[in-house]
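# Report on the structure
Each chain, written out:
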Amino acid sequence: MVDTDNGATVAAPAPSPHRALTDRARAFVHTTAINVLAVYVLTVLLIIGATFWLPGIRVVSFTWTIVVLSSVTAVVAFGQGAVVLTGGFDLSIPWVITSGGLLLTTLTQGTNGRLWWALPIVLLAGGMVGLCNGLGVAYLQLSPIVVTLATNVVLQGVVLLFTGSAPQGVAPPLIVDLMSKRLVGGIPAVAFLLALFVILGVVLLQRTAFGRQVYAIGNNSRVAYLTAVPVRRVRIFVYVLSGSCAALGGILLSGYAGRSYLGMGDAYLLPSVAAVVIGGTSVLGGRGSYVGTFGAAALLAALAAVLDGLGGSVAIKTIILGLCVLVAALFSSRRTG
Amino acid sequence: MMRSEPTRAARVRSRINPAVITSSGVLLALLVVHFTTASGGLSQYSIATLSDQAAVLAIAAVGTTFVVAAGGFDLSVGSVISLVNVVVATHLGESSASQVGGVALGLAVGGGAGLINGLLVSVARLASVIATLAMLFVWNGVALLILPSPGGAVPFTFTDRLTSFVFGIPMSLVLISGSLLVWYLLRSTRWGTAAFAVGDDIVAARAAALPTRRTMILAYVWAGIFYAVAGILLTAQIGSGDPNVGTPMLLTVYTAIILGSGTLRGGRGSALGSVVGALILRTVFNVLFSIGVSSYYANIVTGVILVAAVGVGSIRSVFADRRAAAAVRPGRLQPEKAD
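Below or above, wherever it landed, is the structure these notes cover. (Residues numbered from 1 in each chain as written. Chains lettered and ligands numbered in written order. Predicted model: local features only at pLDDT ≥ 70, side-chain atom pairs only at ≥ 80, totals over all residues. Heavy atoms only, no water.)

## Quick notes on unusual backbone geometry
Backbone geometry places Gln109(A), a non-glycine residue, at a positive phi of 55°. Structurally, the position occupied by Gln109(A) is in the loop between helix H4 (93-108) and helix H5 (115-138). Assessed through its relative accessible area of 52%, Gln109(A) is described here as exposed. In the Ramachandran plot, Arg125(B) falls in the positive-phi region, its phi being about 55° despite a non-glycine side chain. With respect to the helices and strands, the residue Arg125(B) is situated in the loop between helix H5 (96-122) and helix H6 (128-146). Taking relative accessible area as the criterion, Arg125(B) reaches 36% and is therefore assigned partly exposed. (Helix = DSSP H or I, 4+ residues; strand = E, 2+ residues; numbered from the N terminus. Buried < 20%, exposed > 50% of the residue type's maximum accessible area, 1.4 Å probe, protein only.)

Right, dumping it as C-alpha cells:
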C-alpha cells in the first residue's frame, strides 16, 4: 500500500511477471556463480576440443597435464586473489617467485636432506616480503600498486646483487618428483597437494572470520572499520599470504623446471591477475571466490597448451591472455561508477 | 559583509603546488652536485647530455600526469613506448618524407593506444588498473609480433635531427619545454579544468554536468600522444627498435611523478613536477655512477627512492590527518567564520 500526496492509500502497481523474470535473469548473469560455472565449462570444452585439434591428445591424460601446468598459477593466484578482494594489487609476485625458487635451490644445494628446514624458511621469506608490502599499504596508506611495484624492483636488485647474472641452482629431487611423477591411477602427485591447497584456501576465505573480514574490507573498508574489523591487521595479513603463496609458487616452479633461474617468475604476473579476474573476482574488491580463480587458472593453462600445440608464439599468447582479461572484466559483476 | 577579492599574489600562490617547490629545490641542489662532480663541469655539452638522458622519461611522465590528474592509473606507459619504438624503427627511410611519415605513424599509434585505454575506462567503465594492465600485455605482444628481437633500421639523419642543437639549445630540452607548454595550454582550457575536476571527485563532476566521459577519453589520448613523442625521441637516441625497451619505464615514470608532485591523487598533478622528478632521478643516477656505483643497482635505487618519496609524503599526510582530527575537540563547535 502506498501513501499518495493527498493522504489516500492506493495499492502499488503489481510488477508484471515477465519483467521480474528478465530482471532476475539479467541479475543472475552478473553474479559470480555463473562466472565460475562458465569458467569450468569453457575449460572442459577446451580439453575436449584439444582432442580433435591436436594429434595424440586423450582427455584424461590431458586433463592431468593441465592440472600440473596450472599448479603454479593456481597457488600464486590464491594470494593475488586475497589481495584483490581487499581492493589492492600485488605486483611484486614475479620477483617473490624468483627469490623463492632461488632461495630454495641455494639452501638445499639440490639435495633432499635440507628440505625440512629450507621449505619453511622460503615460505617465511615470502611472507616477510608480503609483510613489507602490507605495512606500506596499511600503515603508510600507500597505493598498493606503487608499493608492490617498488618491492618487486628492489627484490630484483637485491637478487642480482647476490647472484651476479649466472644461472642458478638445481632443485631438490623430491620437489622435482612432486611436479613430474604420477601416482595411483595416473594422477599427478602435485594434484593431491593442489586439492589440499584448494580446500584450505576455500575454507579460509569462505568459512572463517578472517575470510569474512577480507570480504568486508573489500566491500566497504570504512564500514568494516566501524564494525570493529581490524582492517589494518587483515590488510597486512593478505599481503603476507600473497607473499607466501608466491614463494610456494617459486618452489613448485623450480621443481617443474628442475632448476631455478633469474626471471623465472616474470611470466606469472599476468596469469595470476588474469586468473583472479576471469574467475569472477571484482577488482573493486569484495566479490569473488577461489573456486572461480582455480578454475580460471586451469582455463588459462588449457588455453596456453592448446595455443602451444597449434604453434602460437609467445607474442600471440600474451595478446590473447590480455584480451581474455579484458573480456572477463567486461562481464564482471561490478564496474566503476 | 562582502569578502574582499583575493589579491593577485594570493591567487598565484594558490595555484603553485608546494610540493613542486620543494622538489625543485632538491633538484637545484642535486644539479649543483652533479655539475661540480661531472667531468667537464657546466658546459653546453654536459647540459645537453643530462637533458638527452632525462628527456624520454620526462616527456613520458608528463603524459602519465594527464591520466593521474584525471584520477586514473596508466600501467601501459612502458609498453606503448615500446610499441611506438618498434613501429617507428621499422618504418623509417632515408628520405625526409618517410621520416615525417614514420613520426606521424608513431603519433597515431600512441594516440590510438590512448584512445583504446580511454574508451575502456570511460565507456566500458572498467577500472583503469585492469584496463591498462591488460593493454600493457596486449601491446607487449603486438610489439613482439612486429619486431621479435631488437633490430629495425634507424637512419643516422633521423638520429642526428633529434639529438642536435636548435639555436644552441639541445633538441631534447626543446621537446621537454614543448611538452610543458602544451600541458599548460591544455590546463587552461575548459577540458583541462574538467579533467582535474573529474580526478578530484567524479561524482561531483558529473553532478556539475561536466562531460566526464569525453574528458577522461581525452586524458588518455593526450597521454598516448606524449608517450609517442617519448618513444620517437627514444628511437632516435638508441638508433634501433627493441620490443622490451619500455618495460622498466613503468616504475621510473611513477617514481618521477611522485618525486615531483608528491602524490598520485586525482585532481592533482603538475607536469613541471613530473619533469623535475625525472631530472632528479636522472641526476641521482649520474652522480651515483660517477662515484662508481654499478648500474646493477639502478633498480634498487629507483625502488628505494620511490618508497622513500612516497613514504615521506604519506607519513607527512598521516600525521597531518592525526593533527587535524585532534584539533577538533568533541563537544565544541567550530567558531563561525566571519563573512
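After that view, the rundown keeps rolling.
## Considerations on the interface of chain B and chain A
Tallying the contact residues gives 37 residues for chain B and 37 residues for chain A. For the pair chain B and chain A, the summed buried area comes to about 3300 Å², and 82% of that belongs to carbon and sulfur atoms. For the pair chain B and chain A, the number of links is zero salt bridges. Run the count over chain B and chain A and you get zero residue pairs in polar contact (both at pLDDT 80 or more). For the side of chain B that touches chain A, the secondary-structure elements that each account for two or more residues are H6, helix H12 (249-261) and helix H14 (298-327) of chain B. The biggest single contributor to the side of chain B that touches chain A is H6(B), with 12 residues. Class assignment of the residues belonging to the side of chain B that touches chain A gives a composition of 30 nonpolar, five polar and two charged. (Contact = heavy atoms within 4.5 Å. Buried area = accessible area lost by both parts, 1.4 Å probe. Salt bridge = Lys/Arg side-chain N within 4 Å of Asp/Glu carboxyl O. Polar contact = N/O pair within 3.5 Å; in protein donor to acceptor, adjacent residues only side chain to side chain. Nonpolar A, V, L, I, M, F, W, Y, C, P; charged D, E, K, R; others polar.)

## With respect to the packing of aromatic side chains
All names here are of chain B. Per the counting criterion, the structure on display carries 12 aromatic pairs over all chains. Measuring from centroid to centroid gives 5.7 Å for Phe73 and Tyr254, while their planes differ by 35°, and the two rings are tilted. Here Tyr254 lies in helix H12 and Phe73 lies in the loop between helix H3 (44-69) and helix H4 (77-89), a separation of 181 residues in the sequence. Considered together, Phe73 and Tyr254 belong to a single accessibility category, that of buried residues. Through a chain of ring-to-ring contacts, the aromatic side chains of Phe66, Trp183, Trp191, Phe196, Trp222 and Phe226 assemble into a single cluster. (Phe/Tyr/Trp six-rings, centres within 6.5 Å; stacked < 30°, edge-to-face > 60°.)

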